[in-house]
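# A closer look at the structure
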Protein chains: 2
Amino acid sequence: MAPTIKITYFDITGKAELLRLILSAGNMDFEDIRVKKEDWPALKPTAPFGQLPTMEYDGEIYAQTNAMAKFLAKKAGLAGNDDLEELKMDMFMEFMNDIFSKLMGVFAKSESDKDAAGKKLFEEELPAMLKTLETHLEKNGGKFLVGDTLSYVDIAYFDLLQNLTWEDHPFFPNLPHNELRLDILKDHPSLVEHMERVKEHPGVLSWLDKRPTGPK
Amino acid sequence: MAPTIKITYFDITGKAELLRLILSAGNMDFEDIRVKKEDWPALKPTAPFGQLPTMEYDGEIYAQTNAMAKFLAKKAGLAGNDDLEELKMDMFMEFMNDIFSKLMGVFAKSESDKDAAGKKLFEEELPAMLKTLETHLEKNGGKFLVGDTLSYVDIAYFDLLQNLTWEDHPFFPNLPHNELRLDILKDHPSLVEHMERVKEHPGVLSWLDKRPTGPK
């Protein structure tokens, strides 16, 4: 019997969405538990690092999104074929952490510094990082980030870029220069094509159709 | 014949030290290339994400410290025995990223905010994170973070805590409340014991004895 998998997060896409997408792409059953903000403090002490999302797998509770993503991707056959492919996938997931750090860095700025930091983020830093990503994609043949089939790394960047260009995102519109954010893919056609390619996967598509929150 | 491994970084411990420690713990030969700051701009375009450290492995160049650490740890037999141990190791490495983010967040503050942020970091945030780490360590029997033998995760936290309590660190003394930083382990005896345990490993010890920079 397959182990029971429960993903616990808030009722948003956010960090849990990658896990939900991988599980759906791998056609794996899971319980999608969505916690109300007011219920979180009571739950927090049970989370291994005091954060959501968590994953209950076979009765034990785990945490840290990229760690869980990779574990589930292995079960789903979406984590590469050898150590060198795995190394490359880990590289891309860490680069995604670098991108998030840049984004979060602007949220953390004091109000007086936020405008300049947002402009720099959306006009310089993020485009440069997306260019780096695009160059890697093209160097690998343009279809997938690592190897020659879909992996969880492709799904992760699809999810990131959907969020970055989602008009109704719960957090990003609070950053200055929102109009630059929504236009962030204009010079990156290979990334747009890559997003479309990921979206064609039946498991991904099925989740996008039925998910209760997030961009469609 | 074993593949040629070259680690390229600046002439400091910093992010490359984990890779050097894992290689030494695994008794693997490597070339320890140290770039002068003034030579870095010319080299930067050859780095996969424009950052150091990089690793040349069997003729190809890789990047992202934790990805390379994990890859080398696998070759060294320091990366666990099954998918669940690997998941746990990934969790601890991501938690280390959380710790670094907190530290870097204070560096990024404007001068007027830095004092309060540093105080909060060293008096509240970092002690709470070290407490979480200590709780996990003790839950696993107190000797190692994952499983019942030394892994690269133990080495990674040893390296982090050595740096955090290193008086002559090239960057941390620039943060406010340096005296709190140097005292950060005072309430965490299990972590101090854990550091000593890692230091007993012959490969680790041999690197500490001969490394050109860093705490002894």
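Taking an unreviewed UniProt entry as the reference, chain A is identified by name as glutathione transferase belonging to Tigriopus californicus. According to its UniProt record, chain A has this under Catalytic activity (unreviewed entry): "RX + glutathione = an S-substituted glutathione + a halide anion + H(+)". Turning to chain A, the UniProt record has this under Sequence similarities (unreviewed entry): "Belongs to the GST superfamily. Sigma family."

This part takes up the packing of aromatic side chains. Within this structure, the stated rule accounts for 15 aromatic pairs over all chains. Ring plane angle 90° and centroid distance 5.9 Å describe the contact between Phe92(A) and Phe49(B), whose orientation is recorded as edge-to-face. With one member in each of two chains, Phe92(A) in helix α4 (residues 83–108) and Phe49(B) in the loop between α2 (40–43) and β3 (54–57) form a pair that bridges those chains. Take Phe92(A): its relative accessible area is 4%, and that puts it in the buried class. Lying across the ring of Phe100(A), Lys15(A) places its NZ or CZ 4.9 Å from the centre.

What follows is about the relation of the copies chain A and chain B. The transformation that overlays chain A on chain B combines an axial shift of 0.0 Å with a rotation of 180°, and the residual RMSD is 0.0 Å. The symmetry that links the two subunits is that of a two-fold axis. Interface overlap between copies: 100% of the residues of chain A at the interface are likewise at the interface in chain B, consistent with a symmetric, same-surface contact.

Per the UniProt annotation, the sites labelled "domain: GST N-terminal" (unreviewed entry) are residues 3–80 of chain A. Within residues 3–80 of chain A, the helical portion is 32% and the strand portion 24%, while the C-alpha atoms at the span's ends are 22 Å from each other.

This brings us to the sheet that holds β3(B). Residue and element names in this part refer to chain B. With respect to topology, four strands assemble into an open sheet ordered β2-β1-β3-β4, the strand pairing being mixed. The open sheet has two free edges, formed respectively by β2 (31–35) and β4 (60–63), since each of these has just one partner strand. Averaged over all neighbouring strand pairs, the angle between strand axes comes to 25°, with direction disregarded. Where helix α1 (residues 17–25) meets the sheet, its contacts fall on β1 (5–10) and β2, and the angle it forms with β1 comes to roughly 150°. Docked against the sheet, helix α3 (residues 65–76) engages β1, β3 and β4, running at close to 40° with respect to β3.

Let's shift gears to the interface of chain A and chain B. With 35 residues of chain A at the contact, the number on the chain B side is 35 residues. Roughly 2900 Å² is buried in total at the junction of chain A and chain B, and carbon and sulfur atoms are behind 57% of that figure. Applying the counting criterion to the chain A and chain B interface returns eight salt bridges. Two residues, Lys88(B) and Glu60(A), come together in a salt bridge whose shortest N-O distance is 3.9 Å. Our enumeration of links across chain A and chain B arrives at 16 residue pairs in polar contact (both at pLDDT 80 or more).

Further remarks concern the packing of helix α4 (residues 83–108) of chain B against helix α5 (residues 111–139) of chain B. Helix-helix packing is characterised by the crossing angle of the two axes and by the distance between the axes. All names here are of chain B. One can describe the packing of α4 onto α5 by two numbers: an axis separation of 9 Å at closest approach and a directional angle of 170°. When the axis of α4 is compared with that of α5, the two are roughly antiparallel. Here α4 contributes Phe92, Phe95, Asp98, Ile99, Lys102, Leu103, Val106 and Phe107 to the contact with α5, which in turn contributes Lys114, Ala117, Gly118, Leu121, Glu125, Leu126, Met129, Thr132, Leu133 and His136. A breakdown of the residues in the contact of α4 with α5 according to their chemical character gives 11 nonpolar, three polar and four charged.

Here we come to the packing of α4(A) against α3(B). Put simply, α4(A) and α3(B) touch, their axes get as near as 7 Å, and they point 155° apart. In terms of orientation, α4(A) lies roughly antiparallel with respect to α3(B). The handedness of the crossing between α4(A) and α3(B) comes out as right-handed. Counted together, Asp83(A), Leu84(A), Glu86(A), Leu87(A), Asp90(A), Met91(A) and Glu94(A) of α4(A) and Thr65(B), Asn66(B), Ala67(B), Met68(B), Lys70(B), Phe71(B), Lys74(B) and Lys75(B) of α3(B) form the full contact between these two elements. Classifying every residue of the contact of α4(A) with α3(B) gives six nonpolar, two polar and seven charged.

So, how was this worked out
- Residues numbered from 1 in each chain as written.
- Chains lettered and ligands numbered in written order.
- Predicted model: local features only at pLDDT ≥ 70, side-chain atom pairs only at ≥ 80, totals over all residues.
- Heavy atoms only, no water.
- UniProt positions renumbered as here; feature names shortened; annotations may be inferred.
- Phe/Tyr/Trp six-rings, centres within 6.5 Å; stacked < 30°, edge-to-face > 60°.
- Helix = DSSP H or I, 4+ residues; strand = E, 2+ residues; numbered from the N terminus.
- Buried < 20%, exposed > 50% of the residue type's maximum accessible area, 1.4 Å probe, protein only.
- Lys NZ or Arg CZ within 6 Å of the ring centre and 35° of its normal.
- Least-squares fit on C-alpha atoms with pLDDT ≥ 70 in both.
- Contact = heavy atoms within 4.5 Å.
- Pairing = 2+ DSSP bridges.
- Axes fitted to C-alpha atoms, helices over the stretch in contact; angles between N-to-C directions.
- Buried area = accessible area lost by both parts, 1.4 Å probe.
- Salt bridge = Lys/Arg side-chain N within 4 Å of Asp/Glu carboxyl O.
- Polar contact = N/O pair within 3.5 Å; in protein donor to acceptor, adjacent residues only side chain to side chain.
- Parallel < 35°, antiparallel > 145°, perpendicular 65-115°, else oblique.
- Nonpolar A, V, L, I, M, F, W, Y, C, P; charged D, E, K, R; others polar.
- Left-handed = near helix turned anticlockwise from the far one by under 90°.

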